[in-house]
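# Descriptive structure summary
Spelled out, the chains give:
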Amino acid sequence: MGENIVLMSKRELEKMRRVGRLAAKLLAHLGKMVKPGITTYELNEEAERWTRAHGARSAPLGYGNPPFPASICTSVNEVICHGIPSKDQVLKEGDIINIDVTPVLDGYHGDTSKTFFVGTPSPTAKKLVEVTRECLYRGIRAVKPGARIGDIGAAIQEYAESHGFSVVRTFVGHGIGRVFHAPPQIPHYGKRGTGRILRPGMVFTIEPMINEGTWEAEIAEDGWTAYTKDRKLSAQFEHTVAVTEDGVEILTLNDDEDPNVILQR
């Protein structure tokens with residue numbers, strides 16, 4: 001395949017745990033700020049302040065071509081991903097917003113995101129967000145040594161489509177560690193028994209983007225913001241995970257998430 005997939009040592013995995021915990025704490029901190037009337041710019045400024053105060057830096061800032069102009073991604077309603085924070089974007093009652101954070105600590109990246117409700121969501125928005133969260137969890141449950149990447153995508157796709165939603169194909173999960181985006185790619189759709197075999201020490205993100213309508217995306221002129229083609233709602237959840245000797249470890253677990261519930265132990 002020609003892909004150089006890193007298998008992390010115990011020392012490297014401990015660094016990933018540290019930055020993963022930091023990413024989870026940052027996301028929870030920002031989530032408490034989400035309410036009608038706040039701007040996505042304010043969320044971004046607080047993210048940058050908090051990240052620096054904790055001895056880390058923000059990986060998205062200046063990343064890519066064109067350089068991403070902010071420290072976090074804020075994707076509201078019909079924005080699938082890579083939404084750019086703005087002073088003009090004021091959150092309003094009934095919105096949904098995905099906040100995606102990636103701090104870098106001691107050279108390692110921790111990547112996680114969550115879709116939050118702004119006030120009270122519509123029934124459709126509530127269902128979409130709940131299904132998307134479960135899609136992430138089902139994808140994580142498919143991770144174990146000897147499983148294949150296609151098993152992850154199949155678990156996600158089957159659940160999303162069973163609820164009448166669609167899975168974005170334009171963007172995928174990815175290997176992560178010292179590098180922000182590395183092999184392997186982790187599609188959120190696919191067939192069981194296909195793709196690369198998972199091995200202990202592999203670390204990657206699972207970050208399903210689930211749409212109310214069509215899975216197709218359009219990229220804005222800014223080169224980053226991805227919209228649903230039909231402008232219907234999109235939701236996303238993301239964790240960074242490691243393949244262990246006997247299963248999977250969630251490196252970006254939130255305090256309000258029970259791994260035993262997620263993994264149905």
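Right above here is the structure, for reference.
### So, the overall build of the chain
Along the backbone of the chain there are 5 helices and 17 strands. A compact globule built from 265 residues should have a C-alpha radius of gyration of about 18 Å, and the chain, at 17 Å, falls within 12% of that. Its C-alpha atoms give the chain principal-axis dimensions of about 45 × 45 × 35 Å. Restricting the contact set of the chain to residue pairs at least 6 apart, pairs at least 24 apart contribute 70%.

### Describing the packing of helix H3 (residues 123–141) against helix H4 (residues 149–162)
It is at 8 Å that the axes of H3 and H4 come closest, and there the two elements cross at 155 degrees. One finds that H3 runs roughly antiparallel with respect to H4. As H3 packs across H4, the resulting crossing turns out to be right-handed. Between H3 and H4, the residues in contact are Val-131, Glu-134, Cys-135, Arg-138 and Gly-139 and Ile-152, Ala-155, Ile-156, Tyr-159 and Ala-160, respectively. Considered class by class, the residues forming the contact of H3 with H4 number 7 nonpolar, 1 polar and 2 charged.

### So, helix H2 (residues 40–53)
With 14 residues, H2 should cover 20 Å at 1.5 Å per step; its first-to-last C-alpha distance of 20 Å lies within 8% of that length. Of the positions making up H2, those classed as buried are Thr-40, Leu-43, Asn-44, Glu-46, Ala-47, Glu-48, Trp-50 and Thr-51. Contact partners of the buried residues in H2: helix H1 (10–31), strand E1 (57–58), strand E2 (73–76), strand E4 (96–101) and strand E5 (103–105). Gly-55 occupies a position one or two residues after H2 and carries a positive phi of about 75 degrees.

### Side note on the environment of Arg-52
Structurally, the position occupied by Arg-52 is in helix H2. For Arg-52, a relative accessible area of 59% translates into the label exposed.

### Some thoughts on the sheet that holds strand E12 (residues 209–211)
Backbone hydrogen bonds hold the strands of a sheet together, and the pairing may be parallel or antiparallel. Pairing is antiparallel in the open sheet, where 3 strands are placed in the order E8-E12-E15. The open sheet has two free edges, formed respectively by strand E8 (166–167) and strand E15 (234–236), since each of these has just one partner strand. Both E12 and E15 contribute to a ladder of 3 bridges, which runs antiparallel. Note that in E15 the partner of Asn-211 across the bridge is Ser-234. Against the sheet, H3 makes contact with E12 and E15, and its axis sits at roughly 35 degrees relative to E15, the strand it touches most.

### Observations concerning unusual backbone geometry
Cis peptide bonds are those with omega within 30 degrees of zero, and the linkage from Asn-65 to Pro-66 qualifies with 5 degrees. Structurally, Pro-66 can be placed in the loop between E1 and E2. At the junction of Pro-183 and Pro-184, the peptide bond is cis and its omega measures out at 0 degrees in the coordinates. Positive phi values are uncommon outside glycine, yet His-82 reaches one of about 60 degrees. By the element assignment, His-82 lies in the loop between strand E3 (79–81) and E4. For His-82, a relative accessible area of 23% corresponds to the partly exposed category.

### Focus: the packing of aromatic side chains
One pass over the full model with this rule turns up 2 aromatic pairs. Pairing Phe-68 with Trp-224 gives two aromatic rings, centres 5.2 Å apart and planes at 85 degrees, and the pair type is edge-to-face. With Phe-68 in the loop between E1 and E2 and Trp-224 in the loop between strand E13 (217–219) and strand E14 (226–228), the pair connects residues that are 156 residues apart, well separated along the chain. With respect to burial, Phe-68 and Trp-224 carry one shared label: buried. The positively charged end of Lys-87 is found above the aromatic ring belonging to Tyr-41, 4.9 Å away from the centroid. One Lys or Arg, Arg-169, reaches over the ring of Trp-215 and ends 5.6 Å from the middle of that ring.

So, how was this worked out
Residues numbered from 1 in each chain as written. Predicted model: local features only at pLDDT ≥ 70, side-chain atom pairs only at ≥ 80, totals over all residues. Heavy atoms only, no water. Helix = DSSP H or I, 4+ residues; strand = E, 2+ residues; numbered from the N terminus. Rg over C-alpha atoms; globule rule 2.2 N^0.38 Å. Contact = heavy atoms within 4.5 Å. Axes fitted to C-alpha atoms, helices over the stretch in contact; angles between N-to-C directions. Parallel < 35°, antiparallel > 145°, perpendicular 65-115°, else oblique. Left-handed = near helix turned anticlockwise from the far one by under 90°. Nonpolar A, V, L, I, M, F, W, Y, C, P; charged D, E, K, R; others polar. Expected span 1.5 Å × (residues − 1). Buried < 20%, exposed > 50% of the residue type's maximum accessible area, 1.4 Å probe, protein only. Pairing = 2+ DSSP bridges. Phe/Tyr/Trp six-rings, centres within 6.5 Å; stacked < 30°, edge-to-face > 60°. Lys NZ or Arg CZ within 6 Å of the ring centre and 35° of its normal.

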